[in-house]
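Report on the structure
Spelled out, the chains give:
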Amino acid sequence: FEVVNRPWGTAVRTHSSLVEISGKTGTSQVKATVKMACEKLPVEDRHHGWFVGYAPRENPEIAVAVIAEHSCHGSVAGPVAKAVIEAYIKKKNAEAGFYGPQPLDVVLQGPVLHRSLSESKPKQEQAPVPPKPVLGTQEDE
């Protein structure tokens, strides 16, 4: 969990605002360790990076494994897994008839935005305003 969802995590770029992703990064060495940064090695000698993750954190529905050949770090594979997971969640939500957070059952004052799946831009409507009390009645005295 912390690998993806904490600022110090090796897969912090995998963090999603759409769904809580958990996972782990890693590397696979291609050649014996040399005293040179991986990025400075010839491409064919660089380490492979990987990321394995699942979502949502509670009651997972999807698991993904990504190998990024010669990428030096597992953090490179994380955003690919994020894209796959988010595409799955978006498709599942669209098929279920909703996208994003569900509306609250409250009466709002002022403009209200409504969006359907078939519209690209929201349309704006004025919410109903409750009637004002009539002054000079017995209730006001």
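Everything quoted here is computed from the prediction, not taken from an experiment. Counting starts from 1 at the beginning of each chain's written sequence and moves along it residue by residue. For this predicted model, a pLDDT threshold of at least 70 governs which residues receive local features, and a threshold of 80 or more governs which side-chain atom pairs are given and counted, while totals over whole chains, interfaces and linings are taken from all residues. In computing side-chain properties, one takes all heavy atoms of the structure into account and sets aside hydrogens as well as water.

For every residue, the predictor reports its confidence as pLDDT, a number between 0 and 100. Mean pLDDT over the protein chain stands at 76; residues scoring 70 or higher make up 67%. Only heavy atoms enter the contact rule, under which two residues are in contact if any of them lie within 4.5 Å. Note on residues 101–124: pLDDT under 50 across the span, and 26 contacts to partners over four residues away in sequence or across chains.

Checked against the element boundaries, serine 71 lands in the loop between β3 (62–68) and α2 (78–95). Residue classification places serine 71 among the buried positions, given a relative accessible area of 16%. Beyond its immediate chain neighbours, meaning those up to four positions away, serine 71 contacts His47, His48, Gly49 and Val76. Runs of E in the DSSP output that reach at least two residues are strands. Runs of H or I that reach at least four are helices, and both are numbered from the N terminus. Burial classes follow relative accessibility: with a 1.4 Å probe on protein chains only, a residue under 20% of its type's maximum area counts as buried, one over 50% as exposed, and anything between as partly exposed.

All right, on to the sheet that holds strand β2 (residues 48–55) then. Pairing between two strands requires that DSSP report at least two bridges joining them. Read across the sheet, three strands follow the order β1-β2-β3 without closing on themselves; strand pairing throughout is antiparallel. Both edges of this open sheet fall to β1 (22–28) and β3, since each of them pairs with a single strand only. When strand polarity is set aside, the average angle formed by the axes of neighbouring strands in this sheet is 10°. Taken together, the seven bridges between β2 and β3 define a ladder with antiparallel strand orientation. Looking at β3, one finds that valine 52 is bridged to alanine 65. Of the strands in this sheet, β2 and β3 touch α2, which is tilted by about 150° from β3. To get an axis, fit a line to the C-alpha atoms, keeping to the stretch in contact for a helix; angles then go from 0 to 180 degrees between the N-to-C directions.

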